[in-house]
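Coordinates in review
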Amino acid sequence: MRVHVISDIEGVSGVVKPEQGDGGESLFEEARRLYTEEINAAIRGAFTAGATEVVVMDCHGAGKGWSFNSLLPEQLDPRCEWVVQNEWTEYTEFLEEGCDAALFVGMHARAGVADGVLNHTVSGSEWHELRFNGTSVGETGINAALCGTFGCPVLLVTGDTAVCHEARELLGERLVTVPVKKGLGRFSARNIPPQRARELIEDGAKQALADLGAVPPYDPGHPCEIEVDFIRSNLVEPYHHRQGVEVLDGRRIVSRADDWWSAWKQFYF
C-alpha cells in the first residue's frame, strides 16, 4: 500500500499565531517541531495499517528558503521519504506512479471562515476566494483535486474543527477527520496537547487506511471552471492575455478547461 502524506503547518496543535508559520521567526522553530511530530504520527499509523511506502509532501510556504521545506528531516520517521518541491502542486510523480491513499495533516480552513485558525487560501495577502465549478474551496480542496486527478482518494484530514467540517462537506461523511484544536478566532484556539493530538492522528490514520474505498477520489467535474477572487485589481493584470483564462472584472478571473488539472495549470503555473 502506497500512501501520500500531504501536510501544512497552520492546522497543527499549538500553531495559532502567524509568526509560527514564518520562516526565520523564533516561534517558527517550535512550530516546525510540532509539525514534524504530527506528520510522524500519520506515518506511524500508515505503516501499522500496512503501508509499504510513504512519501511526505510538505506544502507549507514559509518563505526565506523554508517554503515546502519546513519539516525537520532529522526528526522525521526514517521509514518514509519526503519531497521538497519548488512550486506548490508541481510534484506529481508519486501520484502518477499509482498511489492508494492520501492523508492530509495540519490543514487549515479556507479564507474567511470565522472560526478557522490562520484561515487563508493560497495567499492570505492576495486571494479572497476560490471556486471549483461554483463550489467554494480552500487548500484542502486543491490538494484533494490534485490527488483525484491521478485517482488517489483522500482518506484522512487533520487540523482544526473548521477544516475538518469543510473537508467532510467537500469529500463526504465517510472521510476520517481528526480535529486537534478548536478555533476561537483567526489567531486563537483551544488546543489538544501535542502528545494526545499525535495519538489521535496515529489512530485516525490507521482507521482511515482500513477501508481504501471509503471515499472516492475527488473530481470537481468535467468540464471545469476555476474562479479566483483576488484582493486587489493589480493582481488580475498578468492574466489579461493568458490562454484559457478570462478576466471577469477588476478582481476576478476564471480558467476554463476540460478537466481540473488542465484548468489549474493554465493560470497557476
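Residues numbered from 1 in each chain as written. Predicted model: local features only at pLDDT ≥ 70, side-chain atom pairs only at ≥ 80, totals over all residues. Heavy atoms only, no water.

Some remarks on the nonpolar core
Our working definition: To define a nonpolar core, start from buried Ala, Val, Leu, Ile, Met, Phe, Trp, Tyr and Cys residues and group those joined through side-chain atoms within 4.5 Å. Only protein chains enter the accessibility calculation, which uses a 1.4 Å probe. A residue is then buried if its area is under 20% of the maximum for its type, exposed if over 50%, and partly exposed in between. Each helix corresponds to a stretch of at least 4 residues labelled H or I by DSSP, and each strand to a stretch of at least 2 residues labelled E; elements are numbered beginning at the N terminus. Here a residue-residue contact requires only that any non-hydrogen atoms of the pair lie within 4.5 Å.
Within the largest apolar cluster, 89 residues are counted, with the highest numbers of intra-cluster contacts made by I226 and W260. Element by element, the count of residues in this core is highest for helix α1 (residues 26-48), at ten residues. Ignoring any residue separated from it by four or fewer positions in sequence, one finds W260 in contact with F132, I142, A145, L146, T149, P220, C224 and I226.

Remarks on the packing of helix α3 (residues 139-149) against helix α6 (residues 260-268)
Threshold: Lines fitted to C-alpha atoms define the axes, with helix axes restricted to the stretch in contact, and inter-axis angles between N-to-C directions lie between 0 and 180 degrees. For classification purposes, angles smaller than 35 degrees are called roughly parallel, those larger than 145 roughly antiparallel, those between 65 and 115 roughly perpendicular, and all remaining angles oblique. Note: crossing handedness is left-handed where the near helix turns anticlockwise from the far helix by less than a right angle, and right-handed where it turns clockwise.
In contact at an axis separation of 9 Å, α3 and α6 are set at 125 degrees when each is read in the N-to-C sense. Here α3 lies oblique to α6, going by the angle between them. At the point where α3 passes α6, the crossing takes the left-handed sense. Contact with α3, carried on its side by I142, A145, L146 and T149, involves W260, W261 and W264 of α6 and no other residues of that element.

With respect to the sheet that holds strand β6 (residues 135-136)
Two strands in a sheet stick together by hydrogen bonds in their backbones, pointing the same way (parallel) or opposite ways (antiparallel). For clarity, the threshold we go by: For two strands to be treated as a pair, DSSP must find no fewer than two bridges joining them.
Strand order in the open sheet formed by five strands is β6-β5-β10-β12-β11, with antiparallel pairing between adjacent strands. The open sheet has two free edges, formed respectively by β6 and β11 (245-247), since each of these has just one partner strand. Sitting on the sheet, α6 is in contact with β5 (127-132), β10 (224-230), β11 and β12 (252-257), with an inclination near 135 degrees to β12.

Remarks on α3
Along an α-helix, a turn takes 3.6 residues, which lines up residues three or four apart on a common side. Here α3 lies mainly inside the structure; ten of its eleven residues are buried. Here α3 has its buried residues at E139, T140, G141, I142, N143, A144, A145, L146, C147 and G148. Following α3 by one or two positions, G151 has its phi on the positive side, about 75 degrees.

So, the pairing of strand β2 (residues 53-58)
Our working definition: Every crossover in which the path from the first strand over the helix to the second runs clockwise, viewed with the strands pointing away from the viewer, is termed right-handed.
With five of six residues buried, β2 lies mostly within the body of the structure. As paired elements, strand β1 (residues 2-7) and β2 share six bridges and run parallel to each other. Looking at the pairing, V3 lines up with V54 of β2. What joins β1 to β2 is α1, and the crossover it makes is right-handed. Where β2 and strand β3 (residues 81-83) come together, three bridges link them in parallel fashion. Looking across to β3, one finds that V55 is bridged to E81.

Examining the packing of aromatic side chains
Two descriptors summarise a pair of aromatic rings, namely the distance from one centre to the other and the angle between the planes of the rings. Our working rule: Aromatic rings from Phe, Tyr and Trp, taking only the six-membered ring of Trp, are treated as a pair when their centres fall within 6.5 Å; an angle between ring planes under 30 degrees marks them as stacked, one over 60 as edge-to-face, and anything in between as tilted.
As enumerated under the stated definition, the model contains 15 aromatic pairs in all. Seen in terms of ring centroids, F230 and Y239 are 5.9 Å apart; in terms of plane orientation they differ by 15 degrees. Their pairing is stacked. For F230, a relative accessible area of 2% puts it in the buried group. Among the residues examined, Y239 registers a relative accessible area of 12% and is labelled buried. Members of the aromatic cluster, each reached through a chain of ring pairs, are W88, W127, F132, F150, F230, Y239, W260, W261, W264, F267, Y268 and F269.

Thoughts on the side chain of N143
Note the following rule: Counting of polar contacts relies on pairs of N or O atoms within 3.5 Å, with two restrictions inside protein: one atom must be capable of donating a hydrogen and the other of accepting it, and residues adjacent in sequence are counted only when both atoms are side-chain atoms.
Looking at where N143 falls in the secondary structure, it is placed in helix α3. Within the structure, N143 has its side chain in polar contact with the side chain of W88 (distance 3.5 Å). Not counting residues within four places of it along the chain, the set of residues in contact with N143 comprises I6, C59, W88, F104 and M107.

Structural notes on the pattern of salt bridges
In plain terms, the rule: The salt bridge definition used is simple: a Lys or Arg side-chain nitrogen within 4 Å of an Asp or Glu carboxyl oxygen.
Applying the stated rule across the entire model yields 16 salt bridges. R131 is the partner of E227 in a salt bridge, and the nearest nitrogen-oxygen pair spans 3.0 Å. Highlighted residues: E227 in strand β10 and R131 in strand β5, separated in sequence by 96 residues. Its relative accessible area of 16% is what places E227 among the buried residues. When the shortest N-O distance is used, the salt bridge between E246 and R256 registers 2.7 Å. Taken together, the positions of E246 in strand β11 and R256 in strand β12 put the pair ten residues apart, joining distant regions of the chain. The exposure class of E246 is partly exposed, given its relative accessible area of 36%. A single salt-bridge network, built from bridges that share partners, covers E129, R131, E227, D229, D249 and R252.

What to know about the packing of α3 against helix α4 (residues 161-171)
Which entries qualify depends on this criterion: Lys, Arg, Asp and Glu make up the charged group, whereas Ala, Val, Leu, Ile, Met, Phe, Trp, Tyr, Cys and Pro make up the nonpolar group; the residues left over, Gly among them, are polar.
Packing of α3 against α4 brings their axes to within 10 Å, and their N-to-C directions diverge by 40 degrees. When the axis of α3 is compared with that of α4, the two are oblique. Here α3 and α4 pass one another in a crossing that is right-handed. Contacts between α3 and α4 pair T140, G141 and A144 from the former with V163, E166, A167, L170 and L171 from the latter. A per-class count over the contact of α3 with α4 returns five nonpolar, two polar and one charged.

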